[in-house]
Amino acid sequence: MLASQDVLSSRLEQIGFIDDPVDTKLDLYEEIERLKREKNAVLLAHYYQEPAIQDVADFIGDSLGLSRQAAATEAEIIVFAGVHFMAETAKILNPQKKVLLPDLNAGCSLADTCPADEFQAFCDAHSDHLVMSYINCSAAVKARSDIICTSTNAEHLLRMIPESQPVIFAPDRNLGRWLERKIGRKLVIWDGVCIVHETFSERKLLALKVQFPEAQVLAHPECEEAVLRHADFVGSTSGIRRYAREDAGQSFIIATEEGILHQMRKDSPHKHFIPAPPESGCNCSQCPHMRLNTLEKLYTCMRYELPEITMEESIRLRALKPIERMIEMSKGVS
Ligand code: 13P
Ligand code: SF4
C-alpha cells in the first residue's frame, strides 16, 4: 500500500500536480511579485492569457516577442504564462535555466494536429523541400524543420528563400494559404488548424459589419479564408494591437483570441473593440488551452517551481538550430 502511494506521489510530482490549496486571503499579485524577486524569475505572458496574469507579467507579447525575451533574459527561472510549445521554445533556448509552465496540460490544438512521426514521413516524401514550421508545433517537429517562423515574421522569412526552392509549410493551413496569396508562391501545406481561429463565423461577422459599418476588421492569419477576405488588416497579435493603436479609426472588430483586447483597451480606452463571434456556443473566443493557466496556478507554480519543462537533449539540440535561424534572420522585424 505504502509503496504504491510513493509511486503515485512521485508520478504526481513528475506531472507537476501540487496538492496545496491556495490560501484565499493571500494577495496573489503581491505574492507573485515577491516570488519573482526572491527567485530571480522572469514572468513572460502571451496576449491570450487572462487579464490578471497579463497585469502581473514582466513582458507581454506575441510568440516572436516572447521568444526573443526568452533568448535574452538573464533571470534564473523563466515562468511562461502561455502554452506548452512556447515554454518548450524557451527551454530549447535556455537549457541551463528552469522553465516553468503553470499548467502542463496547456497544450495547443494546432500543434496537436502535427504528430512528429507523421510529419517526419511527410517531409521524407518531399525530401528536396525546405521545411518551414510555424512556432506552434512540438519540439520534435521543430527538430525536423529547417526554419521556424511566427505570424509576425513568416512573410519576411519566406521572401528570403529563393523562388526556386520548394517549401513545406506546417502546421497551420490557414496561415500557409494566406502566405501563398500574399506572396504569390505555391507551398506544400500541412493540413493543421487552430480550434479557436477556425470557429469564427463569416455569417456573424457580416452581420456585425452591418451593425457597425464604421468598424474595421482586424484578423489573425490563423482564421479561415472566409473570414480573412473581409479583413481590413491581417496580422499577428502584436500587429493587430499596433494597428488598432496607431490607426485613426475608432471602432474595430477583432478576429483572434479575446485576451488581446485587454492590452488594446489599455492602449486606447476611448476606442471601441468588438470581439468577432464564433459560429456556435457562447459568444466568447477564448483558447481553452491558454485559459488553463490561472493566477492561483501561477502562484503555486512559482512557489514550488513546478511543473517544469524538460526534454531530451538530442531533440533540443536539433530544434535549437531552426529557432536560432529564425531569430537571426528576422532581426528588426516586429
Ligand atoms: P502570435 O501571438 O504570434 O500572433 O500567435 C498567436 C497564437 O495563436 C499563439 O498561439
Ligand atoms: Fe493553439 Fe489556437 Fe490556442 Fe493559439 S489559440 S495556443 S494556436 S489552440
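Structure: above.
Here we summarise the structure given alongside this text. (Residues numbered from 1 in each chain as written. Chains lettered and ligands numbered in written order. Predicted model: local features only at pLDDT ≥ 70, side-chain atom pairs only at ≥ 80, totals over all residues. Heavy atoms only, no water.)

### Quick look at the pattern of salt bridges
A complete count under the given rule lists 23 salt bridges for this structure. The partner of D267 in a salt bridge is R245, and the shortest N-O contact between them spans 3.7 Å. Residue D267 is found in helix α14 (residues 261–267), and its partner R245 is found in helix α13 (residues 237–246); the two are separated by 22 residues along the sequence. One continuous salt-bridge network, built from bridges that share partners, spans E31, R34 and E38. (Salt bridge = Lys/Arg side-chain N within 4 Å of Asp/Glu carboxyl O. Helix = DSSP H or I, 4+ residues; strand = E, 2+ residues; numbered from the N terminus.)

### Things to note about the site of ligand 2
The immediate surroundings of ligand 2 are formed by Y48, V83, C108, S109, L110, N136, C194, V196, E222, C287, H289 and M290. According to the grid-proximity analysis, the pocket containing ligand 2 is the largest cavity. Of the residues assigned to the shell around ligand 2, the class counts are 8 nonpolar, 3 polar and 1 charged. (Near = heavy atom within 4 Å. 1 Å grid on protein atoms, 1.4 Å probe; cavity = no way out; pocket = protein on both sides within 12 Å on 5 of 7 lines; lining within 4 Å. Sits in = over half its atoms within 2 Å of the grid points. Nonpolar A, V, L, I, M, F, W, Y, C, P; charged D, E, K, R; others polar.)

### Brief notes about the sheet that holds strand β4 (residues 98–100)
The 4 strands lie next to each other as β2-β1-β3-β4, forming an open sheet whose pairing is parallel. The open sheet has two edge strands, β2 (59–61) and β4, and neither has a second partner. Direction aside, neighbouring strands of the sheet carry axes that sit 20° apart on average. By the bridge criterion, 5 bridges tie strand β1 (residues 41–46) to strand β3 (residues 77–81) in an arrangement that is parallel. Paired with L43 across the bridge in β3 is V79. Contacts from helix α15 (residues 295–304) reach β1, β3 and β4, with the element oriented near 165° to β3. (Pairing = 2+ DSSP bridges. Axes fitted to C-alpha atoms, helices over the stretch in contact; angles between N-to-C directions. Contact = heavy atoms within 4.5 Å.)

### Some details on the site of ligand 1
Every one of the 13 residues lining ligand 1 counts as a neighbour, but H46, S63, S151, H220 and T237 are closest to it. Within the side chain of H220, a nitrogen or oxygen atom sits 2.8 Å from an oxygen atom of ligand 1. Summarising the interface, the protein chains cover 96% of the accessible area of ligand 1, which totals 300 Å² for the free molecule. Judged by its atoms lying within 2 Å of the grid points, ligand 1 is housed in the largest cavity. A per-class count over the shell around ligand 1 returns 4 nonpolar, 7 polar and 2 charged. (Polar contact = N/O pair within 3.5 Å; in protein donor to acceptor, adjacent residues only side chain to side chain. Areas by Shrake-Rupley, 256 points an atom, 1.4 Å probe, with all protein chains shown as cover.)

### Thoughts on the sheet that holds strand β10 (residues 233–234)
Strand order in the open sheet formed by 4 strands is β10-β9-β11-β12, with parallel pairing between adjacent strands. The strands lining the two open edges of the sheet, one partner per strand, are β10 and β12 (272–275). α13 rests against β9 (216–219), β10, β11 (251–255) and β12 of the sheet, and its axis sits at about 155° to β9.

### Regarding the environment of C194
Locating C194 in the fold gives a position in the loop between β8 (188–189) and α11 (202–211). With a relative accessible area of 9%, C194 lands in the buried category. Not counting chain neighbours up to four residues away, the residues in contact with C194 comprise S109, L110, D172 and E222. (Buried < 20%, exposed > 50% of the residue type's maximum accessible area, 1.4 Å probe, protein only.)

### Considerations on unusual backbone geometry
In this structure, P171 follows A170 across a cis peptide bond, with omega equal to -10°. Phi is positive for E305, which is not a glycine, with a value near 55°. Tracing the chain through its elements places E305 in the loop between α15 and α16 (313–329).

### Some details on the packing of aromatic side chains
Describing an aromatic ring pair means giving the distance of the ring centres and the angle of the ring planes. Under the defined criterion, the tally for this structure stands at 5 aromatic pairs. Aromatic pair F119 and W190: ring centres 5.7 Å apart, planes at 80°, arrangement edge-to-face. Pair noted here: F119 is in helix α7 (residues 116–124) and W190 is in the loop between β8 and α11, with a separation of 71 residues, a long-range link. Assigned by exposure class, F119 and W190 land together as buried. Aromatic pair F233 and Y243: ring centres 4.8 Å apart, planes at 25°, arrangement stacked. Residue F233 is found in strand β10, and its partner Y243 is found in helix α13; the two are separated by 10 residues along the sequence. For F233, a relative accessible area of 22% gives the class partly exposed. Given a relative accessible area of 22%, Y243 falls into the partly exposed group. Three or more aromatic residues joined by ring pairs form one cluster here, namely F233, Y243, F252 and F273. (Phe/Tyr/Trp six-rings, centres within 6.5 Å; stacked < 30°, edge-to-face > 60°.)

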